Amino acid sequence: MRMMLKARLDTEKSNEAIRNGTLGKLMQASMEQVKPEAAYFTADNGHRACYLVFDMQDSSQMPAIAEPFFLELDAEVTYTPVMNAEDMQKGLAALGR
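In this model, helix H2 (residues 22-34) (13 residues) spans 18 Å end to end at C-alpha, consistent with the 18 Å of a helix rising 1.5 Å per residue. Buried within H2 we find Leu-23, Leu-26, Met-27, Ser-30 and Val-34. Relative to the axis of H2, the buried residues are bounded by an arc of 95° and lie together on one face. Among the exposed residues of H2, those pointing more than 90 degrees away from its buried face are Gly-24, Lys-25 and Glu-32. Packing partners of the buried residues in H2 comprise helix H1 (11-19), strand E2 (38-44), strand E3 (47-55) and helix H3 (62-73). Phi turns positive one or two residues past the end of H2, at Lys-35, with a value near 50°.

Here we take up unusual backbone geometry. We note that Asn-45 has phi near 50°; this positive angle belongs to a residue other than glycine. Structurally, the position occupied by Asn-45 is in the loop between E2 and E3. A relative accessible area of 64% means that Asn-45 is categorised as exposed. Of note, the phi angle at Asp-74 is positive, near 45°, even though the residue is not glycine. As for its position among the elements, Asp-74 is in the loop between H3 and strand E4 (76-81). Owing to a relative accessible area of 47%, Asp-74 belongs among the partly exposed residues under this scheme.

Attention shifts here to H3. An ideal rise of 1.5 Å per residue puts 16 Å on 12 residues; H3 measures up with 17 Å between its terminal C-alpha atoms. Within H3 the residues assigned to the buried category are Ile-65, Ala-66, Phe-69 and Leu-73. Down the axis of H3, the buried set is contained in an arc of 80°. They therefore lie on one face. In this structure, the buried side of H3 is in contact with strand E1 (2-8), H1, H2, E3 and E4.

Conventions and cut-offs
- Residues numbered from 1 in each chain as written.
- Predicted model: local features only at pLDDT ≥ 70, side-chain atom pairs only at ≥ 80, totals over all residues.
- Heavy atoms only, no water.
- Helix = DSSP H or I, 4+ residues; strand = E, 2+ residues; numbered from the N terminus.
- Expected span 1.5 Å × (residues − 1).
- Buried < 20%, exposed > 50% of the residue type's maximum accessible area, 1.4 Å probe, protein only.
- Arc of directions from axis to C-beta.
- Contact = heavy atoms within 4.5 Å.

The values are spatial; any link to function lies outside them.
In structure tokens, the structure reads:
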């Protein structure tokens, strides 16, 4: 299932990770793990944030994906099922209307 992970990073912990060089490594490892079709980095309510859109094969993957964000960056992490335009068209077609 296509999922969007949003990680809103704690400012103090992410500042520390930038200073000691671990933030880039953590993000790179996360992207290698989930192989996102899209990855965006922005600010959200005054905090650094990242959005990764990827295919989750099984819900049992959730802890392994989120824990580095929790443990290293005190992040708030959410998972949201999402669709692209093709998925939306397929879903609408299944309605039979």
